[in-house]
Amino acid sequence: QIFMGDYLLQFDGTKVVSFYDLKNDRLNKNNLVGKGNEMEEVLLVKLKAFIQDYNRRLIDNDLVIKKNN
């Protein structure tokens, strides 16, 4: 899952499971998946990029921050 600003998106690795406007729906009762909110796509792209970067770092054994000398 990822949240940014007033929005929370939950992703199962294949599809968006839920998308909420936290500012107007604090109890997450109104799932906005597929309702045309442009932030859903923005968050999905960011989350997929994060997952891709994590997987690349895992494969390359590069998960730790290297100190500059």
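This one's a predicted model, so the numbers in the text were calculated from it and none came from an experiment. The residue numbers shown here count from 1 along each chain, following its written sequence. Per-residue local features of the predicted model are confined to residues with pLDDT of at least 70, and side-chain atom pairs are confined, for both listing and counting, to 80 or more; whole-chain, interface and lining totals are unaffected and use all residues. Derived side-chain values reflect all non-hydrogen atoms in the structure, with water molecules and hydrogen atoms excluded from consideration.

S.K.: Let's hear about the side chain of D21: which residues, and what values?
M.R.: With respect to the helices and strands, the residue D21 is situated in strand β3 (residues 16-21). Contacts described as polar in this section are N or O atom pairs within 3.5 Å, which, within protein, must combine one atom able to donate a hydrogen with one able to accept it, while residues neighboring in sequence count only if both atoms come from side chains. Polar contacts involving the side chain of D21 include one to the side chain of N24, which spans 2.8 Å. Excluding anything up to four places from it in sequence, D21 contacts D6, Y7 and L32. Each helix corresponds to a stretch of at least 4 residues labelled H or I by DSSP, and each strand to a stretch of at least 2 residues labelled E; elements are numbered beginning at the N terminus. We call two residues in contact when some of their heavy atoms are within 4.5 Å.

S.K.: So what about helix α1 (residues 38-59)? Which residues, and what values?
M.R.: Expected span, for any helix, means 1.5 Å times one less than how many residues it has. With 22 residues, α1 extends 32 Å between its outermost C-alpha atoms, agreeing within 8% with the 32 Å of an ideal straight helix rising 1.5 Å per residue. Each residue is placed in one exposure class: buried if its accessible area under a 1.4 Å probe, protein chains only, is under 20% of its type's maximum, exposed if it is over 50%, and partly exposed if it falls in between. All of the buried residues in α1 are M39, E40, L43, L44 and L47. Down the axis of α1, the buried set is contained in an arc of 135 degrees. They therefore lie on one face. Exposed residues pointing more than 90 degrees away from the buried face of α1 are listed as E38, Q52 and I59. Against the buried residues of α1 lie β1 (2-4), β2 (7-11) and β3. Its side-chain oxygen at 2.8 Å from the backbone nitrogen of M39, N37 defines the N-terminal cap of α1. Residue N61 follows α1 closely and has a positive phi angle near 50 degrees. For this quantity, the arc is that covered by the directions from the helix axis to the C-beta atoms.

S.K.: Describe unusual backbone geometry, listing the residues and the values that go with them.
M.R.: The backbone of N28 shows a phi angle near 55 degrees, a positive value even though the residue is not glycine. With a relative accessible area of 28%, N28 lands in the partly exposed category. Of note in the backbone geometry, N61 takes a positive phi value of approximately 50 degrees without being a glycine. Inspection of the secondary structure puts N61 in the segment after α1.

S.K.: Residues and numbers for the environment of L63, please.
M.R.: Along the chain, L63 falls in the segment after α1. For the pair formed by L63 and L43, sequence separation is 20 residues and the distance between their alpha carbons is 23 Å. What L63 contacts, discounting residues up to four positions off in sequence, is Y54, R57 and L58.

S.K.: I'd love a proper account of the nonpolar core, names of residues and values included.
M.R.: The term nonpolar core refers to a set of buried residues drawn from Ala, Val, Leu, Ile, Met, Phe, Trp, Tyr and Cys, joined through side-chain atoms within 4.5 Å. Residues I2, Y7, L9, F11, V16, F19, L32, M39, L43, L44 and L47 constitute the largest nonpolar core, which totals 11 residues. For this core, the elements supplying multiple residues, two or more each, are β2, β3 and α1. Considering every element that reaches this core, the biggest residue donor is α1, with four residues. With residues near it in sequence (within four places) discarded, Y7 still touches I2, F19, Y20, D21, L22, N37, M39 and L43.

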